[in-house]
Structures are given as C-alpha cells and as structure tokens.
Amino acid sequence: LRWGNDLGSGLSGLDITNSPSLQNVATNGAAVANVSITHLNRPITGTTLSSLDILSTLTLTPFTPAGPGLPPAVITFGVNYLETPNGASPCADGGANGVGVNINGCADIYVTDQNSLNFAFFYDLDGAGSLYNQQQYFISFFELTSGLTPLPAAACGAVGVGSPCLGFRTPEGADTTVQFASLITTQPVQIPEPTSLALLGLGLFGLAGIRRRKA
C-alpha cells in the first residue's frame, strides 16, 4: 500500500509480509509468530492515508488430533494514521522537533485498535454428548517485538482516538517493522494492568489470506 507524491526518496507506505501464513499453534502453548507489517516513512506531498481496515481471513484446522476445519472467519482490525508535517513545532505527538523519534522532523503516527484478544470459537473433537462436545477456545493476537506501545495522549488525539492508544511513531526516512503472533487458549487471556497493552497488537496470523481496504 503506497500513498502521496514522490519527492525523490520513494512513497510512504505499508508492507505486509509472510502473508498468507500457515502455522501450527498449540492450545495453551506459546504464541507463534506469523505476519509482520513494515511502515515506510518518506517525505511526500499530496494525498495521504488517514485510516484503513485490515481484513484478515482466519481458517482454523485441528492437527492433533486431526479433524475438519472450521469455516473461514473474517476479522477486521482498524488503523488510524497521520502523515505529520515534518517542520511542525511542537510535533503532533507533543514532542519537540529534532529530538528523539522526531530527530529528522516530526514522526508519523500509526495507531491500531486494541480489540485483538479472546476471539471465541467452539469445536467438537469427539462427537455430540462426549467429553469435548463443543469445547470453547479463544484465539488472541500479540505483537512480539515491543514495536507497538502505548503512545502519548497528544499522539492519540492527533489521529482522533482517545488515550491510552496503542501504536508506534516512525522517524522520518526510516522503516519500522512490527512482528505479530497468535495464541490459542481454553480460558480468556487476562490483562491486569493498562501497561500490559504494550504486549498486545494487531492480529495478523495463520491466514488463508489478507486483503486491505482503505477507509
């Protein structure tokens, strides 16, 4: 996905890699890495991205014991985005221009929704009336590399969402990659503290396919 007019160093954009991803995830086991997203921050002019939905088609198939797969399910993950004016002072995130993440001009702001935990589904492993009849499971999605973090309130407000919000800021001229993973459990994942939001992220996972739609 690309946007804007090229000023000589390429267009700003998003790359989704390792998609579709086919992975085995053990129930109540460790999270398993899958899709990654890279944001390319380039100086541009013209029309820019403001929001998008990533529509992810999830297909779950038991592998031990083997069984028929569940029908594909589409899960929508929303993103709000701001291509910031590089020369603003202070920057849209509330920070000083020329310092930290804004060292090369104001960083762009990427915010994802936080509804990535505990998507419930049911599966009958051994027939009606048996021990595992319509067992409930939960699939959750995590960002593994601390690339998604709670952002300053000013950054959240700049893209039109409330604080706290989860996302990242990309330095001008840099590429920022975040790596995602999936987790399947028999009990809902509990997040006890707001700071734990740093562990959560956009769910991009063991997919039959991904399609992107600009909002």
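Here we summarise the structure given alongside this text. Just so it is clear, the structure is predicted and the values come from calculations on it, not from any experiment.

Here's the deal with the environment of Gly167
And step 1. Looking at the element boundaries, Gly167 is found in strand 12 (residues 166–170).
And step 2. Along the primary structure Gly167 and Gly147 are separated by 20 residues, whereas in three dimensions their C-alpha atoms are 7.7 Å apart.
And step 3. When neighbours within four sequence positions are excluded, Gly167 is seen to be in contact with Tyr110, Val111, Gly147, Leu148, Thr149 and Leu151.

Section: the state of the cysteines
And step 1. Applying the stated criterion across every chain, the model contains two disulfides.
And step 2. Across the disulfide from Cys91 sits Cys106; the S-S distance is 2.0 Å. As the torsion about the S-S bond is roughly -85 degrees, the Cys91-Cys106 disulfide counts as left-handed. Residue Cys91 is located in the loop between strand 7 (73–82) and strand 8 (108–112), and its partner Cys106 is located in the loop between strand 7 and strand 8; the two are separated by 15 residues in the primary sequence. Each member of the pair Cys91 and Cys106 is classed as buried.
And step 3. Sequence-ordered numbering of the bonded cysteines in the protein chain gives a pairing of 1-2, 3-4.

Examining the pairing of strand 7
And step 1. In terms of strand pairing, strand 6 (residues 51–58) meets strand 7 through eight bridges, oriented antiparallel. Residue pairing in the sheet places Asp53 in a bridge with Gly78 of strand 7.
And step 2. Relative to strand 8, strand 7 runs antiparallel, the two being bridged by four bridges. Counted as the bridge partner of Tyr81 is Tyr110 from strand 8.

Concerning the packing of aromatic side chains
And step 1. A complete count under the given rule lists six aromatic pairs for this structure.
And step 2. A ring pair is formed by Trp3 and Tyr81, whose centres lie 5.2 Å apart and whose planes are at 65 degrees; its orientation type is edge-to-face. Of the two residues, Trp3 is situated in strand 1 (residues 2–3) and Tyr81 in strand 7; the sequence distance between them amounts to 78 residues.
And step 3. For Trp3, a relative accessible area of 6% translates into the label buried.
And step 4. Consider the rings of Tyr110 and Phe168, whose centres lie 4.5 Å apart with planes at 10 degrees: the pair is stacked. Linking Tyr110 in strand 8 with Phe168 in strand 12, this pair joins segments that are 58 residues apart in sequence.

Digging into the sheet that holds strand 13 (residues 175–185)
And step 1. On the basis of which strands lie adjacent, the open sheet formed by six strands has the order 1-3-4-13-10-9 and antiparallel pairing. The open sheet terminates on both sides in strands that have one partner only, identified here as strand 1 and strand 9 (119–123).
And step 2. Across six bridges, strand 10 (residues 135–143) lies against strand 13 in antiparallel orientation. Within the sheet, the bridge partner assigned to Ile139 lies in strand 13 and is Ile184.

Description of the environment of Gly67
And step 1. Of note, Gly67 is situated in the loop between strand 6 and strand 7.
And step 2. Overall, the relative accessible area of 25% leaves Gly67 in the partly exposed class.
And step 3. Along the primary structure Gly67 and Asp124 are separated by 57 residues, whereas in three dimensions their C-alpha atoms are 9.4 Å apart.
And step 4. Beyond its immediate sequence surroundings of up to four residues, Gly67 is in contact with Thr61, Pro62 and Tyr123.

Quick word on the pattern of salt bridges
And step 1. Under the definition given, this model contains three salt bridges.
And step 2. For the salt bridge of Arg2 with Asp15, the shortest nitrogen-to-oxygen distance reads 2.8 Å. A residue pair is termed long-range when its members are at least 10 positions apart, and Arg2 in strand 1 and Asp15 in strand 3 (residues 12–17) qualify at 13 residues.
And step 3. Of the charged contacts, one joins Asp93 and Arg169 as a salt bridge, the two residues approaching to 2.8 Å between their closest N and O atoms. Taken together, the residues span a long stretch of sequence, with Asp93 in the loop between strand 7 and strand 8 and Arg169 in strand 12 at a distance of 76 residues.

The rules behind each value
- Residues numbered from 1 in each chain as written.
- Predicted model: local features only at pLDDT ≥ 70, side-chain atom pairs only at ≥ 80, totals over all residues.
- Heavy atoms only, no water.
- Helix = DSSP H or I, 4+ residues; strand = E, 2+ residues; numbered from the N terminus.
- Contact = heavy atoms within 4.5 Å.
- Disulfide = S-S within 2.5 Å.
- Buried < 20%, exposed > 50% of the residue type's maximum accessible area, 1.4 Å probe, protein only.
- Pairing = 2+ DSSP bridges.
- Phe/Tyr/Trp six-rings, centres within 6.5 Å; stacked < 30°, edge-to-face > 60°.
- Salt bridge = Lys/Arg side-chain N within 4 Å of Asp/Glu carboxyl O.

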